[in-house]
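Architecture and fold: a report
The primary structure of each chain is shown beneath.
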Amino acid sequence: MKKSTRAALLSALVFPGTGQFLLGRAARGCLFLLPAAAAAAYIGAQVLERANAIVAQLDSGALPLDPLLIAERLSAAPGTEGPLMTLAVVVALLCWAGSIIDALLTGDRCDAPVA
């Protein structure tokens, strides 16, 4: 398997930027990894906040242990909408796709025979 293919798979299946580290381009890898990590941290914090609110309602007895009702509350809970969440998702997706494409293109240059 070519190094570019391994790098692209690493970026696609593990985390954006990891393929660039395999290719020896750590600075370039950080350009993908750091914004994607920040976006993932923000998304994770928002999801955790919503989950904690639902668990608190379950613990207090304000919300019965009914899966349909819990799913309804989760979909109605604020926090997943808004410009910051949209921006975080867009940044994460762009970093992921860009990292895969960059790993393929950069890796192809590394794989090319030197004349």
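Details of the structure are given in the entry above.
Summary of the structure given here.

Rules used in this analysis
- Residues numbered from 1 in each chain as written.
- Predicted model: local features only at pLDDT ≥ 70, side-chain atom pairs only at ≥ 80, totals over all residues.
- Heavy atoms only, no water.
- Helix = DSSP H or I, 4+ residues; strand = E, 2+ residues; numbered from the N terminus.
- Rg over C-alpha atoms; globule rule 2.2 N^0.38 Å.
- Buried < 20%, exposed > 50% of the residue type's maximum accessible area, 1.4 Å probe, protein only.
- Contact = heavy atoms within 4.5 Å.
- Lys, Arg positive; Asp, Glu negative; His and termini not counted.
- Charge placed at Lys NZ, Arg CZ, Asp CG, Glu CD.
- Salt bridge = Lys/Arg side-chain N within 4 Å of Asp/Glu carboxyl O.
- Expected span 1.5 Å × (residues − 1).
- Axes fitted to C-alpha atoms, helices over the stretch in contact; angles between N-to-C directions.
- Parallel < 35°, antiparallel > 145°, perpendicular 65-115°, else oblique.
- Left-handed = near helix turned anticlockwise from the far one by under 90°.

1. Structural notes on the overall build of the protein
Counting its regular elements, the protein contains five helices and zero strands. Shown N-terminal to C-terminal, the secondary structure of the protein runs as helices and strands in the order α-α-α-α-α. Relative to the 2.2 N^0.38 estimate, which gives 13 Å for 115 residues, the radius of gyration of the protein is 20 Å and therefore markedly larger than a compact globule would have. Over its C-alpha atoms, taken along the principal directions, the protein stretches across nearly 70 × 25 × 15 Å. When burial is assessed residue by residue, the protein has 25% of its 115 residues classed as buried. Nonlocal contacts in the protein, meaning residues at least 24 apart in sequence, comprise 56% of its contacts between residues at least 6 apart. With 8 positive and 8 negative side-chain charges, the protein shows a spacing of 18 Å between the two charge centroids.

2. So, the pattern of salt bridges
Under the criterion given, the structure shown has one salt bridge. We note a salt bridge from R28 to D102, for which the minimum N-O separation is 3.3 Å. Of the two residues, R28 sits in helix α3 (residues 26-60) while D102 sits in helix α5 (residues 83-111), which places them 74 residues apart along the sequence.

3. Some words on α3
Compared with the 51 Å implied by 1.5 Å per residue over 35 residues, the 49 Å span of α3 between its first and last C-alpha is a close match. Taken together, the buried positions of α3 are G29, F32, A36, A39, Q46, R50 and I54. Phi for G61, located one or two positions after α3, is positive at around 90 degrees.

4. A few points about the packing of α3 against helix α4 (residues 67-76)
Where α3 meets α4, the axes come as close as 10 Å, and the angle between the chain directions of the two elements is 140 degrees. Classified by the interaxial angle, the pair formed by α3 and α4 is oblique. α4 is crossed by α3, and the crossing has right-handed handedness. Contacts between α3 and α4 pair R50, I54, Q57 and L58 from the former with I70, R73, L74 and S75 from the latter.

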